[in-house]
Amino acid sequence: LSSEEINGHFAVQRTRFDTFGSLPPIRDAQGTVEMRGRDVDIRLASGTAFLASGRTVAATNGLLTFRNTAQPPVVGRLDLDISGEAAAVAGLASLPPLNGPQRAGLSADDLTGTVSGHISSDVPLVKDVDPKTIDWKADLAFDGLSVARPFGDQTLSGAEGTLALLPDRATIAA
């Protein structure tokens, strides 16, 4: 199907969409869905991820794209800004495939402060995808970050800086 044969533009409000794996769905979402032939763009103006812990992470400026959906496997690309309390963002980042805080020996409950940043990730529309094959990265900025307990022989209190998470490493600059 070409973009002349089928196309559409839909405004959505107060909806929800699933991401993948153990990551929570985005709820209370507002945005648009555009279809042009076999391509789909889903734009998220705003929404909220509700974690099992009850914590929330705000999601804004999102774009989920699917190209040539007739060619399996269908894998989309998500770009999304997030923000929230450090414990909430760490809780989100602790879920597979990210597994972020565990790499540093931390848990979400150890953290206070605020975090904002950008996440880019593949979003497969097929089940049983090995999380190790998903391309993703998270670039985060933190403010007033404190860790409740020492990690290694260091303590952290009121820090400002950045955290880059990739599938094979995490880099902190404070």
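Look above for the structure.
Residues numbered from 1 in each chain as written. Predicted model: local features only at pLDDT ≥ 70, side-chain atom pairs only at ≥ 80, totals over all residues. Heavy atoms only, no water.

Colleague: Looking at this model, I keep getting lost on the sheet that holds strand β9 (residues 169-173). Mind explaining?
Modeller: In sheet architecture, strand pairing relies on hydrogen bonds along the backbone and comes in two forms, parallel and antiparallel. The 9 strands are arranged β1-β2-β3-β4-β5-β6-β7-β8-β9 in an open sheet whose pairing can be described as antiparallel. Looking along the sheet, the strands with just one partner apiece sit at the ends: β1 (7-17) and β9. Here the average twist between neighbouring strands, direction ignored, is 10°. Strand direction decides the pairing type here: β1 and strand β2 (residues 26-36), joined by 8 bridges, are antiparallel. Counted as the bridge partner of T15 is A29 from β2. (Pairing = 2+ DSSP bridges. Helix = DSSP H or I, 4+ residues; strand = E, 2+ residues; numbered from the N terminus. Axes fitted to C-alpha atoms, helices over the stretch in contact; angles between N-to-C directions.)

Colleague: Explanation requested: the nonpolar core in the structure shown.
Modeller: Side chains that are nonpolar tend, in soluble globular proteins, to be buried together. Ranked by internal contacts, the top residues of the largest apolar core, which has 38 residues, are V57, I82 and L111. Contributing elements (two or more residues each) for this core: β2, β3 (39-50), β4 (56-66), β5 (75-85), α1 (86-93), β6 (111-124), β7 (136-147) and β8 (159-166). Here I82 is in contact with V57, A58, V89, L92, V115, S116, G117, I119 and L140, once residues within four sequence places are set aside. (Core = buried A, V, L, I, M, F, W, Y, C linked by side-chain atoms within 4.5 Å. Buried < 20%, exposed > 50% of the residue type's maximum accessible area, 1.4 Å probe, protein only. Contact = heavy atoms within 4.5 Å.)

Colleague: Please clarify how the pattern of salt bridges should be interpreted in this entry.
Modeller: Think of it this way: side chains of opposite charge can pair up when their charged atoms draw near. In total, this model carries 9 salt bridges according to the counting rule given. The partner of D41 in a salt bridge is R67, and the shortest N-O contact between them spans 2.8 Å. Taken together, the residues D41 in strand β3 and R67 in the loop between β4 and β5 connect sequence positions 26 residues apart. A relative accessible area of 7% means that D41 is categorised as buried. Accessibility expressed as a relative area gives 43% for R67, which makes it partly exposed. Here R169 ties to D168 by a salt bridge, and the two come within 2.9 Å at their closest N and O atoms. With a relative accessible area of 42%, R169 lands in the partly exposed category. A single salt-bridge network, built from bridges that share partners, covers E34, R36, D41 and R67. (Salt bridge = Lys/Arg side-chain N within 4 Å of Asp/Glu carboxyl O.)

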